[in-house]
Structures are given as C-alpha cells and as structure tokens.
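Structure at a glance
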Amino acid sequence: MDIKSIVAQMTLEEKAALCSGKNFWHLETPERLGIPSVMVSDGPCGIRKQADKSDHMGFNASVPATSYPTGSCMACSFDRDLFKDQGVTLGNACQAEELSVLLGPAVNIKRSPLCGRNFEYLSEDPYLTGELAKNYIDGVQSQDIGVSIKHYAANSQEYHRMSNDSIVDERTLREIYLPAFETAVKESKPWTVMCSYNKINGTFAAENKYLLTDILRDEWGFDGYVVSDWGATTADRVKCLEAGMDLEMPGKNLSNDKQLVDAVNNGTMDVAVLDTACERILDVVMRYVDKRRPDTVIDFEADHLKAQKIAEESMVLLKNDGILPLKKDQKVAFIGKFAEVPRFQGGGSSHVNAYKVTGALEAAADLNVTYAMGYDTNTAEPDEALLAEAAETAKAADVAVVFVGITDALESEGFDRSTLAMPKNHEALVKAVAAVQPNTVVVVMCGGCITMPWINDVKGVLYAYLGGEAVGPATVNLLYGDANPSGKLAETFPLQLEDNPSYLYYLGDEQDKTEYREGVFVGYRYYDKKKMNVLFPFGHGLSYTTFEYSDLTLDKTAMKDTDTLTVSVKVKNTGAVKGKEIVQLYVGMPESKTIRPDKELRGFEKVELEPGEEKTVSFQLSKRAFAYFKTDINDWYVESGKYIILAGKSSREIVCTAEVQVESTTVLKKIYTMNSTMGEIMANPVGAQFIGQMMAQSPLAAAASDSEDSLGMGQAMIEMMNGMPLRTMVAFAGGMIPKEVIDGLLAQLNA
Ligand code: BGC
C-alpha cells in the first residue's frame, strides 16, 4: 500500500484524528480509505488486553493471559534465547488477541532500589538491559507484531513521575540511561517507542526534540512511530508533534486534535509535520494489518510451562550452606502465606489476569510437606498466634522453608517503596522460625531487592522475585534439585538503602527536580569504585554444581579502537550435576585519566555443562566496549592505553584477567588558551621549548631552585606550576613576559 497516497487523500481533520487514539487502546485510522482501526495493549510480561472497561493502572479486568516472570526476575536469567523465545510466544498471543503492538519491553535503568516499578525493569546495567530487550523485541516482532520500548527516557522513579524533571548530564545519559534504547533501536528496529511522562533536563519527554528526533531518529535511525505514555502529552500538542511525538494516547482528546488543525490553518505549523507523523503511524499499522493472523490460537497450558521454565532459569540462589537441594524424604515445613497464595506479579499497567496460578504448596502436594500461614497479607503487624504456630510447625520438621517478601500494597507502579525492609510480620516470621529450626531456608517473593538482617541466621536463600503464574512448581523444582538454579543478580543488593549512590538525591527537591548527581556511578559501578561491601553483588548467583574458569585468551595484545578483540575463556563443570553458568566479561581501564567506573559489563554468555564437561566461551569486543562518551567531541571515545579484561562469576568474583593495549584512532584537536595549564602546554613540544626558555629568565625559576636547595621543594614547585594557567606567566613575571608574547605562543600552538 502506498502510504503517501493514503495520507494525500486524508482531510486535515482525519490527519489530526490519526495522531491521537480513537479511545483508550485503539487508533483512529481513516477507515473510509480501507485502513482498519487497530488495538495496542500492555505488556511487558504478559498481555493485558482490556476488552471492556479500560484504564492504565490495571484496575479493570483484562482477558485471561499467561503471566510470565516480571522483568526484574527474568533479567537474572542472563539468557538471550529465553527472551527471544518469550517474545515469540507473546507475539503469537498478540496475533490471537488481535493486538498490533505490545507495550513493552520496559528498559529503564534501576537507579534506586526504591523505584516502585523496578519489578518491571531489567537491570542496573545498560549493556545487560539492551541485550535482553533486543532479543525480546526480535521475538515479538518475528510474529509481525510491534513492540513499544518504554519509557524513553530517564524515568527511574515513580514519585511524581508525571511532573518530575530528571536532571542528567550528557555523559550519564549516553552511558547509562540511553544505551538500552540505542541498542534496541539500532539492532532490532522496534516499531514504536513510548516516551516517558517526566521531563529530562527541563523539557518533557513528549516535547523533547533532542531525544525524540535528534538522537532517536537522526542518530539511531528509528523509523517507527513515537507514542506518548498514557497521558504524557503536554498541553502543547503542536510542540509535541514538532518534537517527534507522533501518537497521543489515550484518545480521544478532541481539543488536542483541534490544536493541530488550527496550527495548520493559521500557518504556525507546516502540514508536512502532520503528514510525516501520519505516514509513520500508518506505516506501522499496515505492517500489522498486512500480516494479521486472527485464527492464531494460544496454547495456555504450553505457555504456563514456558512461564515455569523461565522462572526456573531466572530465580537466584543467593545463599546455600549445604542445605539445598532438599531431599524428597525429608519432612519439610513450608511457612508463610506466599507458599499458598504466591506473590507473582506487580501492580499497575503490567498486571495481567493470569490464566492460572500455581503456588508452591500446591506444587508440593505429593511431597512430605506441612504448612503454617505465618502472617496475614492484609497487615504488616506480626500476629503472635500465627508466629507461635509457625515456630511449632518448623520445629517439628527436618527443614523449614519460609516464604516471605513484599506485599502488593507496598510495591507497584505509581509510587515508590519507602524502605528496603520487608513488612514487620515477614521479618518477624523469619526470625521466629530461624530461632527454633537450624535448617531454615528463605524464599523471597518481591520485585526488587530487600535488606536481610537475618541472613546469618538462615542456611539458604532462594530469591524468587516475582516469578509469574507458575512460580510454585518452579520454586519447588529448584528447592528439591529437579532444576538447578542458574540465575544471577541483575542488580546489586546493598547492605542498607543509605549505601545506594542515588540515596541523597533520589526523590528530588521542592521544584520537582531530581538531580542524577551520582552520574555514571550507578549500581556496581559505584559500589566497586567506593570499595564498599554489599549484601550481594551484581552478577551473583549459586548453583548445585561448581564451575572452574581457565585459559582466558585474547587474540591480540595490542589493537586499534577500530579493531575487534576476540576473548575466550574455558569453563568446566567441576561438580556432580548438570548446570548452567553465566560467564561475565568486564572491561576496565585502571590508569584512565578520565573519571570512570573500575569496570563495566561488556559481555556475558550462559553455558550449559554436564558434570566434567568443559566448553570454550567466546566474546567479541569492539570500540564501544572500551569507550566512554566524550562530551566535548559529542562522541564515543577510546582513550589510548592499557585495558584490563576480566572474566568473572560475578562482579565481585573475578577469576581470570588479561590485558590489551588499545590505541585511539580519533584525532583530538587540542585548543590552547590563556587558561590551559603549564602542564598541558609543556606536553606540547613547541610549548615545552618556549616555557623552558621563559622559565630560565623568570623569578619563579629562581624561587624553584632556591627552594630546591634549601627545603627540597623543587619537585613540589614543579607540580604546583604544572597546574597553573598560562596567564600566570604574565601575571607573575613582573613585566618580563608581555601578553603579546603569550598570544604569539598560543597562535603557534593552535596553528
Ligand atoms: C504506563 C505504561 C503503560 C500505559 C498504558 C502507563 O501508566 O506507564 O507503561 O504502557 O500506562 O497502560
């Protein structure tokens, strides 16, 4: 279909109408020209198709759908194929439900563990987030369904999410908050991008031409439509459209359509801007319409099993003092309401009407398991009778497994958490059980991280996160060793909230400005640099087997930044059972002259090994793996020098390292000014010669040599002078060096 000719046949009113929804979920297409209206739905971890009453917070019912583990859980799988496969299944379900676009993945970076929506987001690390999102998108879009990667950008808190202004410096934006979007757009071509509610550096995302057009389209080559988050369109619809925000959702705000019509009629907006937006929207609509498969069926039972497999690949075994796996002949007490009624998904727009939910107690029906409720999920207050019953049940068993976490009321889209602590009654339950049962294991169900004041009182911790509708069988399989844990944390668990780098500035000031003052030092980038102890580091996760790494090999020891480095490392399963290991590859530049994290994740692979089996895992590292974003050249830049390549089982358990010399091919033009330091001038041969001559005649030189003679201060004097600006040569030379001479030097240096 020739989209341009369709747009040419549309009236001005039809064009304006196309740029906002027909209602909450449908687009207002020019049906008289043969383009059917299409529907979009949330995402990301299941389908939330509201066939009846609509809302963007998940209050009203939606059609039954498979509830998969949420983003924070699934990211711990570090498994690209799993994401792709889930994407295919979701795309298929969208075909069956006649949805043109699935509103996900949600790829905002976990800046603070308090963010109420962290359960939906993937990681604190942009590389991991980008890699996983890319595969999700490839999967969904392989089914001729679009995604809407969201929320673009720097939307890392729920507090005042619709008004807050994220103040983020350019380098931090480029290195931390944009790369997941960048990777996805460049490599997977999402059909749509959803702009966020917040402002970024003073401009609402919906009006942000820099983000929506200059970066997204002109730099990264985005060719779909940008949709507003539901209600993110500002009062100035024309400004939004001109910035590149094509589709306003939800519809139908007639006054905003009228703004567009009026702006064209009174000549303040070129109709070409409207035409372009219409072309983008229709193009994406037709990608779906042309390949619709409404006769597609959803196999809910198969998808339930898929949700279980994803959960098994994702949950993280954080601690195991030999207590796990449990044995089937042991008498085990499951304690805590979450064993019976699991917490398996988050609240808000991602909330799906799960097809069926299986809890751990139900999944363990054939095992030697007893149960005590332990707490009431409607309150945070400990109940002494429930605690006493729990202790009794625990004492009577060989092992107690306590199911605790964060309740729905405390963790959802729309508001932030106020603490990392679990509710008091959950904390009390762990303590009460551990006090009477030395063999205590804790299963935690929540969307983000928590503090664990009881960590030394228990022998095992399995972090289930929000494991989707099949959380029960997945948990039981992992506890009993029918599945071997292989997830690793995609976020750092700090010892206390106050350790988090954003802690001092997180909620912003009274003007609703949130300054991202920690800059690029987000998550492990910060804790590493500060050499701080953490509860569990990024990348940590245990298995029922053990792995050994050896022979970290680089295919070269010196390279240009335009070359690709191939890194390989051998990994062996040295235990008795089959298992999967996530090999993590970090890169650092210990002697960098720039303020940089000690190391950054630049590669990962998940590898399955039989007992005794060894495999070689390979990685390709190209320019971006070594680069930082240099704002004065507005580009990625590799500083010449020695880089360290680190292979690890976690960010804190690095097992092999190697070095490579990388040479920059970017020629930086240095501009010298009166404020350049003597050190900088001396680094240039022309400057060095000049300053040498001048210094020989200067009173400063005499002072330097005097102090060297009398006080041994010569070196200190040189250091001091190195840091002084060139202009001081005029000021301190007592008239001996006229300004014109320095001007002449600068002209020579800058020639
Ligand atoms: C959320 C989006 C969601 C939209 C539609 C908004 O409140 O931020 O993630 O896609 O609602 O439900």
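For the structure, see preceding data.
Treat the numbers as computed from the prediction; the structure is a model and nothing was measured.

Examining the overall build of the chain
Within the chain one finds 25 helices and 27 strands. Taking 751 residues into account, the globule formula puts the C-alpha radius of gyration at 27 Å, and the chain, at 29 Å, falls close to it. The dimensions of the chain, computed from C-alpha atoms along their principal axes, are 95 × 75 × 50 Å. Put simply, the chain has 751 residues, and 61% of those count as buried. Taking contacts inside the chain between residues at least 6 apart in sequence as the whole, the part at least 24 apart equals 76%. Total accessible area on the chain is roughly 27,900 Å²; 51% of this is exposed by carbon and sulfur atoms. Considering the chain, the positive charge centre built from 74 side chains and the negative charge centre built from 105 side chains are found 2 Å apart.

A word on the site of the ligand
Close contacts around the ligand come from 15 residues, with D42, R117, K150, H151 and D229 the closest. For the ligand, an oxygen atom lies 2.5 Å from a polar atom in the side chain of D42. Between E413 and the ligand, the recorded distance is 2.9 Å, taken from a side-chain N or O atom to an oxygen atom. Contact with the protein chains hides 100% of the accessible area of the ligand, taken as 310 Å² for the molecule alone. Residue classes in the shell around the ligand are distributed as five nonpolar, three polar and seven charged.

Topic: the sheet that holds strand 18 (residues 547-554)
Taking strand neighbours across the sheet as the criterion, the three strands line up as 18-20-23 in an open arrangement whose pairing is antiparallel. Of all the strands in the sheet, the pair left with one neighbour each is strand 18 and strand 23 (614-621). Strand after strand, the sheet turns through a mean of 20° between neighbouring axes, direction not considered. Both strand 18 and strand 20 (residues 565-573) contribute to a ladder of six bridges, which runs antiparallel. In the strand pairing of strand 20, S550 is matched with K570.

Things to note about unusual backbone geometry
Residues apart from glycine generally show negative phi values, whereas peptide bonds are mostly found in trans. The step from G43 to P44 runs through a cis peptide bond, and the omega angle for that step is -5°. Along the chain, P44 turns up in the loop between strand 1 (40-42) and strand 2 (64-65). Note that the residue after G251, namely K252, is joined by a cis bond; omega there is 10°. Tracing the chain through its elements places K252 in the loop between helix 9 (237-243) and helix 10 (254-265). Not every positive phi belongs to a glycine, and K189 is a case in point at roughly 45°. With respect to the helices and strands, K189 occurs in the loop between helix 7 (179-188) and strand 6 (192-195). Residue classification places K189 among the partly exposed positions, given a relative accessible area of 43%. Within the chain, K531 stands out as a residue other than glycine whose phi angle is a positive 50°. One can find K531 in the loop between helix 18 (524-529) and strand 18.

Details of the sheet that holds strand 27 (residues 653-663)
Read across the open sheet, the five strands follow the order 19-27-26-21-22; overall the sheet is mixed. Each of the sheet's edge strands pairs with one partner strand only, and the pair in question is strand 19 (558-560) and strand 22 (600-609). Put simply, the sheet's adjacent strands are angled 30° from each other on average, direction ignored. In this structure, strand 21 (residues 579-588) lies alongside strand 22, joined through nine bridges in antiparallel fashion. Its bridge partner lying in strand 22, L585 is registered against G603.

Here we look at the packing of aromatic side chains
All chains considered together, the criterion is met by 20 aromatic pairs. With a centroid separation of 5.0 Å and 55° between ring planes, the pair formed by F334 and F403 is classed as tilted. One end of the pair, F334, is in strand 11 (residues 332-335); the other, F403, is in strand 14 (residues 399-405), and 69 residues separate them in sequence. Pair check on accessibility: F334 and F403 agree, each one buried. Ring geometry for Y463 versus F493: centroids 4.9 Å apart, planes at 80°, classification edge-to-face. Of this pair, Y463 sits in strand 16 (residues 460-463) while F493 sits in the loop between helix 17 (471-479) and strand 17 (513-515); the two residues are 30 residues apart in sequence, bridging distant segments of the chain. Residue class for Y463 comes out buried when judged on its relative accessible area of 0%. Accessibility expressed as a relative area gives 0% for F493, which makes it buried. Three or more aromatic residues joined by ring pairs form one cluster here, namely F78, Y127, Y524, F538, Y586 and F604. In this structure, R624 packs its charged tip against the face of W636, placed 3.5 Å from the ring centre. Taking the ring centre of Y637 as reference, the NZ or CZ of K630 above it sits at 5.4 Å.

Quick look at helix 10
Side chains of residues three or four places apart in an α-helix project in the same direction, reflecting 3.6 residues per turn. Taking 1.5 Å per residue, 12 residues should reach 16 Å; helix 10 reaches 16 Å between its end C-alpha atoms and fits that length. Looking at the buried positions of helix 10, the neighbouring elements they touch are helix 2 (12-18), helix 9 and helix 11 (271-289).

Observations concerning helix 25 (residues 739-750)
Taking 1.5 Å per residue, 12 residues should reach 16 Å; helix 25 reaches 16 Å between its end C-alpha atoms and fits that length. For helix 25, the set of buried residues is I742, L745, L746 and L749. Within helix 25, the buried residues cover an arc of 100° as seen down the axis, which keeps them to one side. Turned more than 90 degrees away from the buried face of helix 25, the exposed residues are E740, A747 and Q748.

A closer look at the pattern of salt bridges
Scanning the model with the defined rule gives 57 salt bridges in all. For D144, the salt bridge is made with R293, and the minimal N-O distance between the two is 3.9 Å. In this pair, D144 is assigned in the loop between helix 5 (126-141) and strand 4 (146-152) and R293 in the loop between helix 11 and helix 12 (300-314), connecting sequence segments 149 residues apart. The exposure class of R293 is partly exposed, given its relative accessible area of 28%. The shortest N-O distance in the salt bridge between E207 and K239 comes to 3.5 Å. Residue E207 is located in the loop between strand 8 (203-204) and helix 8 (209-219), and its partner K239 is located in helix 9; the two are separated by 32 residues in the primary sequence. Linked through salt bridges whose partners overlap, the residues forming this network are R80, E131, K134, E187 and E605.

As for the environment of D246
Relative to the assigned elements, D246 resides in the loop between helix 9 and helix 10. Taking the relative accessible area as the measure of exposure, D246 reaches 0% and is therefore buried. Sequence-wise, D246 and V430 are 184 residues apart; in three dimensions their C-alpha atoms are separated by 51 Å. Sequence-distant contacts of D246, defined by excluding residues within four places in its chain, comprise C19, R217, G224, Y225, V226, R237, L241, A277, R280 and I281.

A word on the nonpolar core
By size, the foremost hydrophobic cluster in this structure holds 184 residues, and its most contacted members are Y152, F334, M452 and L479. With 10 residues, helix 11 is the single largest residue contributor to this core. Ignoring any residue separated from it by four or fewer positions in sequence, one finds M452 in contact with L318, V461, Y463, F493, L535 and F536. In this structure, L554, L565, L609 and A627 belong to the second largest nonpolar core, which totals 31 residues.

How each quantity is defined
- Residues numbered from 1 in each chain as written.
- Predicted model: local features only at pLDDT ≥ 70, side-chain atom pairs only at ≥ 80, totals over all residues.
- Heavy atoms only, no water.
- Helix = DSSP H or I, 4+ residues; strand = E, 2+ residues; numbered from the N terminus.
- Rg over C-alpha atoms; globule rule 2.2 N^0.38 Å.
- Buried < 20%, exposed > 50% of the residue type's maximum accessible area, 1.4 Å probe, protein only.
- Contact = heavy atoms within 4.5 Å.
- Areas by Shrake-Rupley, 256 points an atom, 1.4 Å probe, with all protein chains shown as cover.
- Lys, Arg positive; Asp, Glu negative; His and termini not counted.
- Charge placed at Lys NZ, Arg CZ, Asp CG, Glu CD.
- Near = heavy atom within 4 Å.
- Polar contact = N/O pair within 3.5 Å; in protein donor to acceptor, adjacent residues only side chain to side chain.
- Nonpolar A, V, L, I, M, F, W, Y, C, P; charged D, E, K, R; others polar.
- Pairing = 2+ DSSP bridges.
- Axes fitted to C-alpha atoms, helices over the stretch in contact; angles between N-to-C directions.
- Phe/Tyr/Trp six-rings, centres within 6.5 Å; stacked < 30°, edge-to-face > 60°.
- Lys NZ or Arg CZ within 6 Å of the ring centre and 35° of its normal.
- Expected span 1.5 Å × (residues − 1).
- Arc of directions from axis to C-beta.
- Salt bridge = Lys/Arg side-chain N within 4 Å of Asp/Glu carboxyl O.
- Core = buried A, V, L, I, M, F, W, Y, C linked by side-chain atoms within 4.5 Å.

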